[in-house]
Amino acid sequence: MKFELKKPLKFLSLGTPPRTILADKSLRNLKDSIANNEKFHSSELHEKIKILAQKVAKFFQTTDECVSHNFSLHLRELKFKFASSVLSLGSVIYGNSFEAALLFKALADQFDIAVTFVVASCGCRAWNETCNGANIVDLIFDVGEIYARDGEVARKYLQKIT
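Residues numbered from 1 in each chain as written. Predicted model: local features only at pLDDT ≥ 70, side-chain atom pairs only at ≥ 80, totals over all residues. Heavy atoms only, no water.

> What is the right way to look at the overall build of the protein in this model?
In terms of helices and strands, the protein carries six helices and five strands. Ordered by position from N to C terminus, the α and β elements of the protein give β-α-α-α-α-α-β-β-β-β-α. Considering the protein as a whole, with its 162 residues, one finds that 43% of them fall into the buried category. Sequence separation of 24 or more characterises 56% of the internal contacts of the protein that already satisfy a separation of 6 or more. As displayed, the protein offers around 9300 Å² of accessible surface, 54% of which is attributable to carbon and sulfur atoms. (Helix = DSSP H or I, 4+ residues; strand = E, 2+ residues; numbered from the N terminus. Buried < 20%, exposed > 50% of the residue type's maximum accessible area, 1.4 Å probe, protein only. Contact = heavy atoms within 4.5 Å. Areas by Shrake-Rupley, 256 points an atom, 1.4 Å probe, with all protein chains shown as cover.)

> Hey, could you run me through the pattern of salt bridges in this one?
Pairing of side chains with opposite charge becomes possible as their charged atoms draw close. Applying the stated criterion across every chain, the model contains five salt bridges. Among the ionic pairs, Glu47 bridges to Lys39, the shortest N-O distance being 3.6 Å. For Glu47, a relative accessible area of 26% gives the class partly exposed. A salt bridge links Lys105 to Asp109, with the shortest nitrogen-to-oxygen separation between them at 3.0 Å. Here Lys105 pairs with Asp109, and both are found in helix α5 (residues 97-110), just four residues apart, close to one helical turn. Both residues of the pair, Lys105 and Asp109, count as buried. (Salt bridge = Lys/Arg side-chain N within 4 Å of Asp/Glu carboxyl O.)

Set out below in structure tokens:
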């Protein structure tokens, strides 16, 4: 069983008035850097997805299992610093597949690129699909590559992140 978010991420409401998910200054700056990128606007869809994926990976210093301990410590430090378990996505500097997929979805929505945010049944891993679920975007290993959902490479990717 998996959860899919196909509609645009416009609001994040967690006990406070709804705000856009890109209300955070660092995320706005990230969006603006993409918006001001001439190559992004003149590119085909695949290249736009690759550019977004690379920006997300650079923003989050996406992690694999080797540094997941540091990721956990980072989140604990932020929760202590802000005295809250609710954190702004822009305050997190390390991210795994879940954080990367969430930011990728938010950015893709800002540029009218249709992607789906999919959460694994465990709730701790996520990925993005394009073309109505026909393809998967790699945000962790071979950043920006798009794999056919039914293919062997996509299956291996999902096994690695889940």
